[in-house]
Amino acid sequence: MHQGYSVNFIKSLIITSMFFLGCSASVTDNDPYTLYMHLSSDPGTLNPITSSEAITSTINENIYETLVDRDFDTLEIVPQLAVKWKISDDKLRYIFYLRKGVLWSDGVEFTADDVVYSYRVIKDPSTACAPLKVYYIDIRDVRKIDRYTVEFIYTKPYFLGLNYCGSMPIIPKHIFDDGTDFNTHKNNRHPVGTGAYIFKRWDTGKRIVLSANPRYRGKKPDIRNVVFKIVSEPSVALQMLKKGELDVMSVRPIEWVRQTNSESFIKNFYKLEYYIPNYSWIGWNSRTEYFKDKRVRKAMTHLINRDAIREKLLFGLGKLVTGTFYIYSRAYNPDIKSIEYDPEKAKRLLSEAGWRDTDGDGILDRNGKKFSFTFTIASEKKFSERLTSILKEDLARVGIEMNINRYEWAVFADRLHKRNFEAITLSWLLSYSDDPYQLWHSSQVDAGSNFCNFKNREADRIIEKARVEFNDRKRNKIYHRFGEILYDEQPYTFLFCSPSLVAVNKRFTNVKVHLRGLNYLEWMIRDKK
Amino acid sequence: MKKYLAKRILLIIPTFIGITLITYLMIRLAPGDYTSLKAGLQGEIKAGSISKTIFDQERKLYGLDKPIVVGYAEWLFNLVKLDFGKSRKDGRDVSSRISEALPITLTLNIITIFIVYIISIPLGIYSSVRRDSTFDRGTSLLLFILYSLPSFWVGLILVMFLSGEEFLNLFPLAGIISEGMENAGFFKKLVNMGWHLVLPVVTLTYGSFAFLARYTRANMLEVINQQYITTAKAKGLSEARIVIVHAFRNSLVPLVTLMATLLPGLLGGSVIVERIFSIPGMGFLTFEAILSRDIPVVMAVESIAALLTLVGILIADFAYALVDPRIRLESKI
């Protein structure tokens, strides 16, 4: 009797837990009006001024707006918080006429005071926003002309002035200017903006929830809530996507090619590919004896089989680049042909430069010094790891000895800034219109980002001239010449522009791929249950 | 006894200062600091040499311009006031970041340690009693196989096969509780959390059985060969009584040493498990803080761990006396 009771009790316990399991499974069922996005890590804050993380802007671009925006297809600068603007003839004054009646999500009106306040905060030495501050060094002042007009005053003309003024983050003065410390302000984790979505909730390390802004002036998006789920392991995130717990996710090339081609995946997901401005490169430090000579640098490019590397490491995805600009911008010179893979030519160039195997040990030498250099990589980067192991083998075949040194990112960056390396690989994330000054001007070889000691008189002149050339066509023309110089000098071996590979659940329609990427404000929900 | 206790507690203070000073030195002397890492390459790319002043300004904000000794003294002074400072990452109090991450890590660790002990110790005892039997050989083979499997691999395999959509879909993929269950009733919440914790706990435990089971077995074997066990057998005591009362109690002394590591062990989280199962615990918090040189967080976690270790050692010393009356505390100093 007693025995029977306990068995029954266990049975009922199992049944109840099954019931609860069933319950909990149904709780995770997605709300059709909610977009579930993947976020790979938890941002620290959502303050657009102090945070420099890319993931912060992924969220903030839904909440905060700037004076101007870029068209999704043409990349032209278009009005956002400013309806129009005027640039003075001396190119020093930018006057922005603000949109009237724009409300912050708490109901207070957006005015010129917010713009002036945001600028002052950025300039304030006690604000921890060094990466942002550097953009506004050349602005002398920002003045309020009236409630809906502001003026930015530059100390010298600069072709990216409109870009920098127009994309300055703007925060509500009435929220942040309350006498408490800006860097640790409570609203750094509770943003108030003017954008299409408002901040709802943040479960640290788990999810960030946004919902449609009822006060938003534009068309109301079909998607009522956006939930960013924080999942740091990409293969787990892919499983969540397949299970329907995520709607949007950036996938890696290997997943794009191997794990997202099943019939059911194609049936349920769009696979979208676009290119944002970026490129990877190998830099040859011309301070070293090996890479001082441009013939050697050219030979190195001839020795790197970039097509094969693209097949092996990026599964054929990505585009080969020949220069420093965004491949779809007009500044990029499309006439330059990529230097071909040609070990024989490389050998000739090396021998012209004096590198020959005179002692018959299989390694090239010059004046008794062997061609044996060290490639420095950041240990977290798998791409660098694989790339260098391929290089090592390829270079050994023509008699160049290459060693690989791996460092933690912080140490790697430190060595980079101290110019303590012989060869490195990295990738740059650029903007749509970029100024090559910091990467390539000879004034930047010691403290800027001209790590590889690139110095060329003509290039310097071009860069300086382009900075004050406001005519796009003229500027792009001289940038094309700059592309030719880079090609001739080969300070870098330019590698690839990597694609953004995104999978989106087909429960949304009107999902378009723009030059700038995806815009889920325009997405529609297919099946409104 | 009291004198001993007072002495030991007083000794904790200089030891603690020593440990934290070394930790502080290490993190300050490591290449890179929070500001330059945050700015990274992207910041300096835009303004080059001019930006140096700006970066120095920002380092000053975080006191990184001060000499290391001054920085440490300030940290220690604030610690006395129980102020761990604010995290660089999100500007919140370090204590609130820790109190957010700690409960889940504690839960996971307590469950894990409990399971490991409850399985390994009986297994070790049984193996020692049935020494060289098929059971002994079989379990030790199995435990060593488990021990040698890397947890990132096992964790992912479990996720792919038991939570994915292609094979079995038995467990949730991520997190510790379903969305919307936070406010459910206690029992419902408990079941839901338990359901989420199955795979993380399996991943955390499977590799730990081998060590403890073998350790218990070795200690037991040493005791079983003693003459008093033979005496007990000769007296005609039952095997259970011999093993549990006479042998096991005496094999406890080395096990007590392990207790010293138990307390700080509760605090540490596994970065791998937390990453695979998307659990925002102590492991990830610490790991991320170290990589980004978030000094206040690193110092807080390390000083708590140091304190717990010292207390753990102290407790272990007292426990020695408890399990073995021959050990006298006073004689040890």
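All values reported here derive from a predicted model rather than from experimental measurement.

1. So, unusual backbone geometry
For residues other than glycine, phi is negative in most cases, and the peptide bonds are mostly trans.
Part 1 of the argument: Of note, the phi angle at A:Asn510 is positive, near 60 degrees, even though the residue is not glycine.
Part 2 of the argument: Among the residues examined, A:Asn510 registers 12 C-beta atoms within 10 Å and is labelled exposed.
Part 3 of the argument: Although it is not a glycine, B:Ser278 sits at a positive phi angle of roughly 50 degrees.
Part 4 of the argument: Mapped onto the elements of the fold, B:Ser278 is located in the loop between α12 (271-276) and α13 (282-291).

2. Structural notes on the sheet that holds strand β19 (residues 423-429) of chain A
One key point about sheets: their strands pair by backbone hydrogen bonds, in either a parallel or an antiparallel sense.
Residue and element names in this part refer to chain A.
Part 1 of the argument: An order of β18-β17-β19-β13-β20 is seen for the 5 strands of this open sheet, with the pairing classed as mixed. The open sheet is flanked by β18 (401-407) and β20 (492-494), the only strands paired with a single partner. Across this sheet, the average inter-strand angle for adjacent strands is 30 degrees, counted without regard to direction.
Part 2 of the argument: Relative to β18, strand β17 (residues 372-378) runs parallel, the two sharing 7 bridges. By the bridge assignment for β18, Ile377 is matched with Arg406.
Part 3 of the argument: In the packing of helix α13 (residues 382-397) onto the sheet, the strands contacted are β17, β18 and β19, and the crossing angle to β18 comes to about 165 degrees.

3. Focus on the interface of chain A and chain B
When the parts of a complex come together, some accessible area is lost, and that lost area is often taken as the interface size.
Part 1 of the argument: The partner chain B presents 52 residues to the 47 residues of chain A that form the contact.
Part 2 of the argument: Among the secondary structure elements, those contributing two or more residues to the side of chain A that touches chain B are α1 (2-27), α4 (130-133), α7 (234-243), α14 (409-417) and α15 (437-440) of chain A.
Part 3 of the argument: Element by element, the count of residues in the side of chain A that touches chain B is highest for α7(A), at 6 residues.
Part 4 of the argument: Grouping the amino acids of the side of chain A that touches chain B by side-chain chemistry returns 19 nonpolar, 19 polar and 9 charged.

4. Topic: the domain arrangement of chain A
Residues and elements named next belong to chain A.
Part 1 of the argument: For chain A, the assigned domains are domain 1 (65-188), domain 2 (197-273 + 501-525) and domain 3 (278-497).
Part 2 of the argument: On a C-alpha basis, the centres of domain 2 and domain 3 stand 36 Å from each other.
Part 3 of the argument: Each partner contributes to the interface: domain 2 provides 5 residues, whereas domain 3 provides 4 residues.
Part 4 of the argument: Residues of the side of domain 2 that touches domain 3, tallied by class, amount to 5 nonpolar, no polar and no charged.

5. Description of helix α9 (residues 209-224) of chain B
Residues and elements named next belong to chain B.
Part 1 of the argument: Here α9 spans 22 Å end to end across 16 residues, near enough to the 22 Å set by a 1.5 Å rise per residue.
Part 2 of the argument: When we look at burial in α9, the residues that qualify are Phe209, Ala210, Leu212, Ala213, Thr216, Arg217, Asn219, Met220 and Ile224.
Part 3 of the argument: Taken together, the buried residues of α9 touch α5 (94-129), α6 (134-148), α10 (227-235) and α11 (239-267).

6. Regarding the pairing of strand β6 (residues 139-146) of chain A
Residues and elements named next belong to chain A.
Part 1 of the argument: Summarising the sheet, β6 and strand β7 (residues 149-154) pair through 6 bridges and their orientation is antiparallel. Residue pairing for β7: Arg143 is matched across the bridge by Glu151.
Part 2 of the argument: Taking the residues between adjacent antiparallel strands as the criterion, β6 and β7 are bridged by 2 residues.

7. Things to note about the packing of helix α7 (residues 151-163) of chain B against helix α8 (residues 186-205) of chain B
Residues and elements named next belong to chain B.
Part 1 of the argument: One can describe the packing of α7 onto α8 by two numbers: an axis separation of 9 Å at closest approach and a directional angle of 150 degrees. If you check the angle between α7 and α8, you find them roughly antiparallel. α7 and α8 meet at a crossing whose hand is right-handed. Together, Ser151, Val154, Gly155, Leu158, Val159, Leu162 and Ser163 of α7 and Leu199, Val202 and Thr203 of α8 make up the contact between the two elements.
Part 2 of the argument: Of the residues belonging to the contact of α7 with α8, the class tally is 6 nonpolar, 4 polar and no charged.

8. Thoughts on the sheet that holds strand β5 (residues 93-98) of chain A
Residue and element names in this part refer to chain A.
Part 1 of the argument: With antiparallel pairing, 4 strands are arranged side by side in an open sheet as β4-β5-β7-β6. A strand with exactly one partner marks an edge of an open sheet, and here the two such strands are β4 (82-87) and β6. Recorded for the sheet is a direction-independent mean angle of 20 degrees between the axes of neighbouring strands.
Part 2 of the argument: Along the sheet, helix α3 (residues 112-123) makes contact with β5, β6 and β7, crossing β6 at roughly 165 degrees.

9. Here we look at the packing of α7(A) against α7(B)
Part 1 of the argument: The N-to-C vectors of α7(A) and α7(B) enclose an angle of 5 degrees; their axes lie 10 Å apart at closest approach. Comparing the axis directions of α7(A) and α7(B) gives the class roughly parallel. Together, A:Ser235, A:Val236 and A:Gln239 of α7(A) and B:Leu156, B:Val159, B:Met160 and B:Ser163 of α7(B) make up the contact between the two elements.
Part 2 of the argument: For the contact of α7(A) with α7(B), the per-class residue count stands at 4 nonpolar, 3 polar and no charged.

10. What about the environment of A:Arg461?
Part 1 of the argument: You can see A:Arg461 is positioned in helix α16 (residues 457-467).
Part 2 of the argument: Each C-alpha atom of the pair A:Arg461 and A:Phe482 lies 9.7 Å from the other, and the pair is 21 residues apart in sequence.

11. Here's the deal with the confidence of the model for chain A
Part 1 of the argument: Of the residues in chain A, 94% reach a pLDDT of 70 or more, and the chain-wide mean stands at 87.
Part 2 of the argument: Here residues 1-28 of chain A is modelled with pLDDT under 50, and outside its nearest four sequence neighbours on either side it reaches 16 contacts, counting other chains as well.

12. Details of the nonpolar core
Part 1 of the argument: Counting residues in hydrophobic clusters, the biggest one holds 111 residues, and the most contacted among them are A:Met37, A:Val226, A:Phe228, A:Val236, A:Ala237, A:Met240 and A:Met249.
Part 2 of the argument: Among the elements that line this core, the one with the most residues is helix α14 (residues 295-323) of chain B, at 9 residues.
Part 3 of the argument: If you count residues domain by domain, this core takes at least three from each of domain 1 (65-188) and domain 2 (197-273 + 501-525) of chain A.
Part 4 of the argument: Excluding anything up to four places from it in sequence, A:Val226 contacts A:Leu35, A:Met37, A:Asn62, A:Tyr197 and A:Leu210.
Part 5 of the argument: Formed by 61 residues, the second largest nonpolar core is a distinct cluster that contains A:Tyr290, A:Phe325, A:Ala331 and A:Ala423.

About the cut-offs
- Residues numbered from 1 in each chain as written.
- Chains lettered and ligands numbered in written order.
- Predicted model: local features only at pLDDT ≥ 70, side-chain atom pairs only at ≥ 80, totals over all residues.
- Buried ≥ 20, exposed ≤ 12 C-beta atoms within 10 Å, placed from the backbone.
- Helix = DSSP H or I, 4+ residues; strand = E, 2+ residues; numbered from the N terminus.
- Pairing = 2+ DSSP bridges.
- Axes fitted to C-alpha atoms, helices over the stretch in contact; angles between N-to-C directions.
- Contact = placed C-beta atoms within 7 Å.
- Nonpolar A, V, L, I, M, F, W, Y, C, P; charged D, E, K, R; others polar.
- Domains from an automatic or database assignment.
- Expected span 1.5 Å × (residues − 1).
- Parallel < 35°, antiparallel > 145°, perpendicular 65-115°, else oblique.
- Left-handed = near helix turned anticlockwise from the far one by under 90°.
- pLDDT = per-residue confidence, 0-100.
- Core = buried A, V, L, I, M, F, W, Y, C linked by C-beta atoms within 7 Å.

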